[in-house]
Amino acid sequence: MTYAITQTCCNDATCIAVCPVNCIHPTPDEPDFGRTEMLYIDPRSCIDCGACADACPVDAIFPADALAPGQQEYAAVNAAYFEQRAPRTAPTGGPTFHAWGQPSFPRSLPSDFAPLRVAVVGTGPAGMYAAEDLLLHTNAEVTLVDRLPVAGGLVRYGVAPDHPATRRIGDTFARFHTHPRVRMYLGVDIGTDVSAEELAAHHDAVVYAVGAAGDRRLGIPGEDLPGSLPASTFVAWYNAHPEVAPDAIDLSGTERVVVVGSGNVALDVARILVTDPETLAGTDIAEHALAALRASSVREVVLLARRGPEDASCTAPELLALGKLPGVRLVVDAHDPRAWAAVESAAPHEKAGLLRDALRERVDWAAPPGPERRIVFRFHSAPEEILAGAVRVTGPATSTDIPAGTVLRAVGYRGMPVAGLPFDEATGTVPHENGRVAGRPGTYVVGWIKRGPSGGIGANRTCAAETVGTLLADAVDGALPAPTGSARAFDRLARSRTGTVVDARGLAAIERAELALGGASGRPRIKLGTVHELVAAARGRRRLLR
């Protein structure tokens, strides 16, 4: 029986590296890699060895005959990817194993090369893939720096709490936190506590993996009215980000929330708002968010999409999972006949086709939401103006006012300028060449600040490979500036600038404290939600935590 890859696929290609028969595609050397929503196993050539399942960092791979009821469609999803592709055959004269290419070591240094000292700014997926690459392929010493007193970045503060399998990628990264060639400085803000020039002076190279912390704006009247917020604020709120206050979101008296956008973040937000809070209690959602959702009267979330269902920005796996949400009804607003026509004409596994079981309804926006919890897709609609208690949206012939107590803008992230580096305002990225920052020898970028806010967690692996390859090539060519300060000097500098530095031992103490708090409350984990609490836990001061 073949294996199948399911919804939580992170696209980082770890499974491809261990497959003995080359049955997982697209591979990193194929044009589709990084462009498909997930990876796929060819049922025609899979030999049922299970190596991919063992290697998967997010537990997304299962035997097709053992898929859970809500995942059984993924056997067909995997097979459908290969229906138009010719089956691969074993090389002539060989066994079932595929032909191997010539050995290649593109990211390595000569054996007699002195160890490089490389700083990585940011401990999210992009930064940790870069650190992993350096540690596994070279004898480099890596300094991990993050402005927050806890590691994780997007994995900790961006992944929805009801996607615990996706968060398991953090376990893969965590093994490098205590690597003997890693020094960790959490709670150090480069550009404030330590300048970019000072950081560079103590390292052979610096890799910035600072993500895209800003939000794209709608550019419409009323965008800054009370109750209108970026979806990223809501995501940070329910994930206990220390820079978002517990009272940043007010759901009291709100029956309907409008989310502008149809991407994965929009779906995450909608799902959290209408999921049974007692289900969320089994996750590590922030305590204040869980309490607010328990008291919430939200029963309907409206997703506004400028285009039709065939062009929805979300991935098909996330949309498929949304239709399995217990106690929640999916509705397609029938205000525009083009939307349902696209649903009916779509193939079963195309995005529009996944909405075929949704209810088609001409929603009466003048009436309050009914008693059932539901998510309403309103396609071919764009917000014109945010009003007090409503959103004015375009329609086929006229505008419509949709009453809403809260409006969340989920139209994309945007990179922010990095102290000491050039910045392209148009793209929200740092100008670079294969990761090398223009005009800044020894300075590199990786992740969203390099390529813009596109691609999921696994996309950062190939992105990091390119940046690290460029860095190592520069090292061999003698293009890296020699550091003037030592590792010990940087340690003294960082600790003298801030009294709240958290190292690997402190990070482990935070982990223990959060797990202990969760265990005492019957939950898997309770995240510490302030800098004070995180630093106190790192220092073992549990009496300060609650």
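Here, the structure is the one placed above.
Residues numbered from 1 in each chain as written. Predicted model: local features only at pLDDT ≥ 70, side-chain atom pairs only at ≥ 80, totals over all residues. Heavy atoms only, no water.

Quick word on the overall build of the protein
- The helix and strand inventory of the protein stands at 19 helices and 23 strands.
- Relative to a compact globule of 546 residues, whose C-alpha radius of gyration would be 24 Å, the protein shows 24 Å and is just as compact.
- Expressed along its principal axes, the backbone C-alpha trace of the protein runs to roughly 70 × 65 × 50 Å.
- A buried classification covers 54% of the 546 residues belonging to the protein.
- Considering only contacts within the protein whose residues lie at least 6 apart along the sequence, 74% involve residues at least 24 apart.
- Here the protein displays about 23500 Å² of accessible surface, and carbon together with sulfur accounts for 52% of that area.
- Computed over 53 positive and 62 negative side-chain charges, the inter-centroid distance for the protein is 4 Å. (Helix = DSSP H or I, 4+ residues; strand = E, 2+ residues; numbered from the N terminus. Rg over C-alpha atoms; globule rule 2.2 N^0.38 Å. Buried < 20%, exposed > 50% of the residue type's maximum accessible area, 1.4 Å probe, protein only. Contact = heavy atoms within 4.5 Å. Areas by Shrake-Rupley, 256 points an atom, 1.4 Å probe, with all protein chains shown as cover. Lys, Arg positive; Asp, Glu negative; His and termini not counted. Charge placed at Lys NZ, Arg CZ, Asp CG, Glu CD.)

As for the sheet that holds strand S19 (residues 406-409)
- Taken together, the seven strands give an open sheet; going across it, the order is S10-S19-S11-S12-S15-S13-S14, and neighbouring strands pair in parallel fashion. The open sheet is flanked by strand S10 (228-230) and strand S14 (359-361), the only strands paired with a single partner. Going across the sheet, the axis of each strand differs from the next one's by a mean of 25°, ignoring polarity.
- Across five bridges, the pairing between strand S11 (residues 256-260) and strand S12 (residues 300-304) is parallel. In the sheet register, Val257 faces S12, and the bridge partner there is Val301. (Pairing = 2+ DSSP bridges. Axes fitted to C-alpha atoms, helices over the stretch in contact; angles between N-to-C directions.)

Details of the packing of aromatic side chains
- Overall, the coordinates contain eight aromatic pairs when judged by the stated rule.
- Between the aromatic rings of Phe234 and Tyr238, the centroid separation amounts to 5.4 Å while the plane-to-plane angle is 85°, which identifies the pairing as edge-to-face. Here Tyr238 and Phe234 lie together in helix H9 (residues 231-238), a separation of four residues that amounts to about one turn.
- Classification of Phe234 by relative accessible area gives buried; the value is 1%.
- Centroid distance Phe377 to Phe379: 5.5 Å. Interplanar angle 5°. Geometry classified as stacked.
- Residue classification places Phe377 among the buried positions, given a relative accessible area of 2%.
- You can call Phe379 buried: its relative accessible area is 1%.
- These aromatic residues form a ring-pair network of at least three members: Tyr40, Tyr81 and Phe82. (Phe/Tyr/Trp six-rings, centres within 6.5 Å; stacked < 30°, edge-to-face > 60°.)

Overview of unusual backbone geometry
- Cis geometry marks the peptide bond from His25 to Pro26, where omega comes out at -5°.
- Within the element layout of this structure, Pro26 appears in the loop between strand S2 (24-25) and strand S3 (40-41).
- One non-glycine residue, Asp48, adopts positive backbone phi at about 65°.
- Tracing the backbone shows Asp48 in the loop between S3 and helix H2 (51-55).
- For Asp48, a relative accessible area of 36% translates into the label partly exposed.
- In this structure, Ala240 is a non-glycine residue whose phi angle is positive, near 65°.
- Along the chain, the position of Ala240 falls in the loop between H9 and S11.
- We classify Ala240 as buried; its relative accessible area is 2%.

Looking at the environment of Thr400
- Residue placement: Thr400 occurs in strand S18 (residues 400-403).
- Taking the C-alpha atoms as reference points, Thr400 and Pro309, separated by 91 residues in sequence, lie 20 Å from one another.
- Ignoring sequence-local partners within four residues, the contact set of Thr400 consists of Trp365, Arg378, Val391, Arg392 and Val393.

Looking at the pairing of S18
- Strand direction decides the pairing type here: strand S17 (residues 390-393) and S18, joined by four bridges, are antiparallel. When the sheet's bridge partners are listed, Ala390 is paired in S18 with Pro403.
- Remark: six residues form the turn of the hairpin made by S17 and S18, two consecutive strands paired antiparallel.

Regarding the pattern of salt bridges
- Applying the stated criterion to the full structure yields 32 salt bridges.
- A salt bridge links Arg147 to Glu243; its shortest N-O distance comes to 2.3 Å. You can see Arg147 sitting in the loop between strand S6 (141-146) and helix H5 (154-157) and its partner Glu243 sitting in the loop between H9 and S11, a full 96 residues away along the chain.
- Across the pair Asp162 and Arg271 runs a salt bridge whose closest N-O atoms are separated by 2.6 Å. With a gap of 109 residues between them, Asp162 in the loop between H5 and helix H6 (164-167) and Arg271 in helix H10 (residues 264-274) connect regions that are remote in the sequence.
- Look at Asp162 and you get partly exposed, because its relative accessible area is 23%. (Salt bridge = Lys/Arg side-chain N within 4 Å of Asp/Glu carboxyl O.)

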